[in-house]
Amino acid sequence: MREAAMSEARAEVLHRIRRALADVPDDERPQDVPVARDYSRSAPPGADPAQAAKLLAERLADYGAAVRLVPEDAVARAVADALAARGAARVVVPGGFPREWQAGLTTEGTGTPVRILSDDPRVPVSELDRTDGTVTTAATAIAETGTLVLDGGPGQGRRALTLVPDYHLCLVRAGQVVFGVPEALARLDPARPLTFVSGPSATSDIELERVEGVHGPRTLEVIVIV
Amino acid sequence: MSGATFLGMPSFPGAAKDALADTQLRRNLAHATATIRGKRTDAVGELDDWQELREAGRAIKERTLRHLDRYLLQLEERVTAAGGRVHWARDAEEASRIVVDLVRSTGERELVKVKSMATQEIGLNEALAEAGIAAYETDLAELIVQLGEDLPSHLLVPAIHRNRAEIREIFLRAMGEHGAAAPDGLGDAPAELAEAARRHLREKFLRAKVAVSGANFLVADTGTAVVVESEGNGRMCLTLPETLISVAGIEKVVPTWQDLEVFLQLLPRSSTGERMNPYTSTWTGTGTGTGTGTGTGTETGSGAGADGGEGPRAFHLVLLDGGRSDTLADPVGRQALNCIRCSACLNVCPVYERVGGHAYGSVYPGPIGAILSPQLRGGATESDRSLPYASTLCGACYEVCPVKINIPDVLVHLRARMVDGGRRRPVPKPERLAMAAASWVLAEPSRLAAAQRAGALAGRLLPGRRGRGASRLPGPLSAWTDARDAPVPAEESFRAWWRRTRR
């Protein structure tokens with residue numbers, strides 16, 4: 001019976017829409033309604049990847065993320081330093097996160113040794129809530145808006161990993177950074193679960209004053225590998 | 001807990017008068033709207049191609065609306081292919097019933113909610129409460145409204161009418177009744193209040209089996225749903241529960257994935273004045289479909305999970321008509337459906353800044369509400385018919401609208417439609433009389449001169465004090481001065497002065 005009501009509702013909504021569009025000629029196709037894409041769809045002329053990485057760092061910092069530009073050979077050290085400075089003792093590292101970047105975590109001497117939790121098998125959510133943070137990579141990053149995009153690919157983990165713990169350390173290579181939103185969307189696969197992260201979680205709900213840190217990680221640190 | 005409702009609200013002039021007398025409300029609003037206006041101006045000013053983005057946004061919406069049936073069918077097909085289920089609702093009641101039934105079939109008695117205008121519009125929380133299901137709002141401002149048993153007054157910041165001291169009091173009083181209580185020593189710094197909300201809601205997120213959300217955009221060619229947010233409460237609701245039910249108006253569909261490149265630039269800059277909002281989540285069905293794009297080409301990641309995997313195992317999309325198809329039937333009024341709920345028009349509106357959102361008697365306040373609500377609800381009530389007059393036609397709303405809705409045009413159009421609708425009344429409406437009189441007077445210079453002499457004379461007889469404005473005009477024109485002060489006419493008109501000094 002519910003099925004019948006549902007198909008009836010569907011038919012009626014579609015019928016109402018078609019009736020409402022009586023002024024649209026029958027032979028008009030969607031592409032007959034012009035959409036001028038005169039806005040910028042690529043990086044400004046002369047912009048190079050190094051500039052994009054620098055802009056990303058600036059814009060992320062502007063929204064309260066701590067950002068470091070680090071050369072490839074110093075990444076493991078930077079990861080270990082960041083976690084030590086945070087005082088993180090147990091962090092989740094998703095499958096596919098490069099082994100060489102975790103190398104610093106096994107060596108002691110930078111402070112507290114960090115215990116790594118693998119997410120295979122999956123760490124239960126209640127357990128995630130008790131960990132000190134997550135270290136991941138990203139799928140791409142948008143310089144102009146200071147945005148990291150995660151698509152659940154290797155090294156990025158499922159969505160809950162970068163959501164439930166209070167600290168997220170994200171690594172992105174300069175080569176993954178695009179200038180604007182259009183370039184990023186063109187690179188991404190909509191069939192995957194995508195999460196766009198621009199700074200730590202925030203709210204402006206009280207007197208429109210921006211406060212960093214509500215339900216998502218209250219601290220976001222980013223290492224841009226240059 | 002969710003007993004407040006907009007039903008039976010007085011029409012705009014009456015409600016506006018009460019709001020204007022509330023000086024605390026006016027202070028809170030003036031402070032908040034001034035802050036957000038400045039941020040928006042800066043964020044928009046950074047982009048050289050803002051006008052091109054606006055035009056593209058408008059054009060995409062026009063294309064969508066003119067072929068809405070086609071895009072909805074395509075969306076339905078793609079969502080279904082990706083493991084989701086699509087439901088159609090003719091009106092608010094049907095939409096609520098669908099959601100209630102879906103929640104009941106899970107056996108759960110509570111759920112978490114992401115802020116959603118569509119679910120407010122259909123009165124979902126009330127319907128759920130009647131069915132014995134507790135719906136917890138998780139957006140900070142919605143939480144403030146819900147705990148305060150209050151009504152939302154702004155699209156983006158529903159508790160914009162509350163200041164920090166009032167919010168602290170609400171948290172201290174009400175949090176304990178619905179879960180983790182606020183800490184004893186709670187102060188009124190926004191960071192402290194946000195921390196209290198984090199603690200209060202965390203246990204609810206971790207145990208929730210069902211979530212209800214809206215959607216900012218629904219992409220027809222991929223079946224992807226998009227939620228744009230700041231706090232992470234949206235991510236919690238979209239990630240941790242087993243069942244996700246999203247309710248969205250039929251106008252939320254956009255044709256292609258590429259079109260998001262326009263709206264994901266327009267929305268955050270117009271809304272919170274940020275280059276990008278902290279979190280945007282997209283999902284396609286239950287993620288069990290096959291990849292279509294380039295991506296990274298790996299196999300991990302997609303697939304539904306129970307323990308906070310990649311998202312819910314069951315995804316239901318409820319497509320709501322609720323007066324949208326009627327709105328679509330008016331080729332001028334139709335553009336109100338372009339709205340992406342950014343609230344920039346509220347923040348620049350001199351009327352909104354002074355009266356706040358409650359006076360509009362609708363979940364959609366401000367300039368957009370003045371054109372959207374009467375159309376969605378059919379303009380049957382006195383409250384609806386008063387809304388197109390809740391504006392000075394200054395045009396600031398059109399200037400800032402990211403999808404170029406010509407709000408002043410639609411306001412004037414709706415005024416005409418609603419006044420014409422009263423044509424068969426025995427006594428003509430004052431504004432029709434006034435307009436008819438004005439066109440007669442303005443048609444002939446001699447008549448204008450005579451009218452001005454009469455006005456100057458009347459000015460000396462009116463009860464208002466010099467320089468302060470006449471407080472009340474006589475006869476049918478009193479309706480005008482019920483809501484405004486009319487300036488006292490000059491003793492000598494410009495035309496009279498010109499003649500006297502130039503000859």
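Here, the structure is the one placed above.
Residues numbered from 1 in each chain as written. Chains lettered and ligands numbered in written order. Predicted model: local features only at pLDDT ≥ 70, side-chain atom pairs only at ≥ 80, totals over all residues. Heavy atoms only, no water.

Chemist: Go over the overall build of chain A, please, and point to the residues and values.
Modeler: Secondary structure assignment for chain A yields 6 helices and 12 strands. For chain A, whose C-alpha radius of gyration is 22 Å, the value lies well above the compact-globule estimate of 17 Å for 226 residues. If you line up chain A on its principal axes, its C-alpha atoms span 75 × 55 × 40 Å. A total of 226 residues make up chain A; the buried ones form 58% of that total. Element-wise, carbon and sulfur atoms account for 50% of the exposed surface of chain A, whose accessible area totals about 9,100 Å². In chain A, 25 side chains carry a positive charge and 32 a negative one; their mean positions are 4 Å apart. (Helix = DSSP H or I, 4+ residues; strand = E, 2+ residues; numbered from the N terminus. Rg over C-alpha atoms; globule rule 2.2 N^0.38 Å. Buried < 20%, exposed > 50% of the residue type's maximum accessible area, 1.4 Å probe, protein only. Areas by Shrake-Rupley, 256 points an atom, 1.4 Å probe, with all protein chains shown as cover. Lys, Arg positive; Asp, Glu negative; His and termini not counted. Charge placed at Lys NZ, Arg CZ, Asp CG, Glu CD.)

Chemist: Please set out the overall build of chain B residue by residue, giving values where relevant.
Modeler: Of regular secondary structure, chain B possesses 23 helices and 10 strands. Looking at the 503 residues of chain B, the share that counts as buried comes to 57%. Carbon together with sulfur atoms contributes 53% to the accessible area of chain B, which is approximately 19,900 Å² in total.

Chemist: Outline the interface of chain B and chain A, supporting the account with residue identities and numerical values.
Modeler: On the chain A side, the residues contacting the 111 residues of chain B number 87 residues. Regarding the contact of chain B and chain A, the summed buried area is about 8,800 Å², with carbon and sulfur atoms giving 55% of it. Of all residues in chain B, R90(B), R198(B) and R275(B) bury the most surface against chain A, accounting for 9% of the area lost on that side. Across the contact surface, chain B and chain A share 17 salt bridges. The salt bridge involving D69(B) is made with R18(A); its shortest N-O contact spans 2.9 Å. At the boundary of chain B and chain A, one finds 44 residue pairs in polar contact (both at pLDDT 80 or more). With 11 residues, helix α10 (residues 190–207) of chain B is the single largest residue contributor to the side of chain B that touches chain A. Here the residues of the side of chain B that touches chain A sort into 44 nonpolar, 36 polar and 31 charged. Both strand β9 (residues 194–197) of chain A and strand β9 (residues 279–284) of chain B contribute to a ladder of 4 bridges, which runs antiparallel. (Contact = heavy atoms within 4.5 Å. Buried area = accessible area lost by both parts, 1.4 Å probe. Salt bridge = Lys/Arg side-chain N within 4 Å of Asp/Glu carboxyl O. Polar contact = N/O pair within 3.5 Å; in protein donor to acceptor, adjacent residues only side chain to side chain. Nonpolar A, V, L, I, M, F, W, Y, C, P; charged D, E, K, R; others polar. Pairing = 2+ DSSP bridges.)

Chemist: Which residues make up helix α2 (residues 49–62) of chain A, and what values go with them?
Modeler: Since the α-helix turns once every 3.6 residues, residues separated by three or four places project in the same direction. Residue and element names in this part refer to chain A. In this model α2 runs 20 Å from its N-terminal to its C-terminal C-alpha over 14 residues, within 8% of the 20 Å that 1.5 Å per residue would give. Regarding α2, the residues found buried are A52, A53, L55, L56, A57, R59 and L60. Elements in contact with the buried residues of α2: β1 (66–70), β5 (140–142), β6 (147–150), β7 (167–173), β8 (177–178) and β12 (219–225). Near the N-terminus of α2, the side chain that reaches the backbone nitrogen of A50, with its oxygen 3.0 Å away, is that of D48. (Expected span 1.5 Å × (residues − 1).)

Chemist: Would you mind going over the side chain of H161(B) in detail, with residue names and values included?
Modeler: Residues and elements named next belong to chain B. With respect to the helices and strands, H161 occurs in the loop between α8 (140–147) and α9 (164–178). Its relative accessible area of 8% is what places H161 among the buried residues. Of note is the side chain of H161, whose polar atom sits 3.4 Å from the backbone oxygen of P158. Non-local contacts of H161, meaning those with residues more than four positions away in its chain, are made with L25, N28, D150, L151, S153, E166 and H358.

Chemist: Which residues make up empty space enclosed by the protein, and what are the values?
Modeler: If you walk through the whole model with that rule in mind, you get 7 cavities of 30 Å³ or more. What lines the largest cavity is a set of 39 residues, and nearest its centre among them are K115(B), L156(B), N216(B), V228(B) and E229(B). For the lining of the largest cavity, the secondary structure elements donating two or more residues are β10 (202–203) of chain A together with α6 (117–121), β6 (224–229), β7 (243–249) and α12 (260–271) of chain B. When we break the lining of the largest cavity down by domain, the ones giving at least three residues each are domain 1 (9–46 + 335–424) and domain 2 (51–287 + 310–322) of chain B. In this structure, the second largest cavity occupies an estimated 120 Å³ of space. Taken together, 15 residues make up the lining of the second largest cavity; nearest its centre are R159(A), W283(B), G285(B), E310(B) and G311(B). Here the lining of the second largest cavity is built from residues that sort into 6 nonpolar, 6 polar and 3 charged. (1 Å grid on protein atoms, 1.4 Å probe; cavity = no way out; pocket = protein on both sides within 12 Å on 5 of 7 lines; lining within 4 Å. Points joined across faces, edges and corners; volume = space filled by probe spheres on them. Domains from an automatic or database assignment.)

Chemist: Go over the pattern of salt bridges with me, naming the residues and quoting the values.
Modeler: Taken as a whole and assessed by the stated rule, the structure comprises 53 salt bridges over all chains. For D32(A), the salt bridge is made with R29(A), and the minimal N-O distance between the two is 3.0 Å. Accessibility expressed as a relative area gives 44% for R29(A), which makes it partly exposed. The closest approach of N and O atoms between E212(A) and R210(A), which form a salt bridge, is 3.0 Å. Taking relative accessible area as the criterion, R210(A) reaches 22% and is therefore assigned partly exposed. One continuous salt-bridge network, built from bridges that share partners, spans E8(A), E12(A), R16(A), R90(B), E94(B) and D321(B).

Chemist: Before we move on, could you go through the packing of aromatic side chains and cite the residues and values that matter?
Modeler: Residue and element names in this part refer to chain B. By the definition in use, this model includes 8 aromatic pairs over all chains. A centroid spacing of 6.0 Å and a plane angle of 35° characterise the contact between F494 and W498, whose relative ring orientation is tilted. Placement of both F494 and W498 in helix α23 (residues 494–502) is noted, with a separation of 4 residues, approximately one turn of the helix. What makes W498 partly exposed here is its relative accessible area of 43%. Three or more aromatic residues joined by ring pairs make a cluster, and in this case those are F12, Y352 and Y360. The residue whose ring lies beneath K204 is Y136, and the NZ or CZ to ring-centre distance is 4.5 Å. (Phe/Tyr/Trp six-rings, centres within 6.5 Å; stacked < 30°, edge-to-face > 60°. Lys NZ or Arg CZ within 6 Å of the ring centre and 35° of its normal.)

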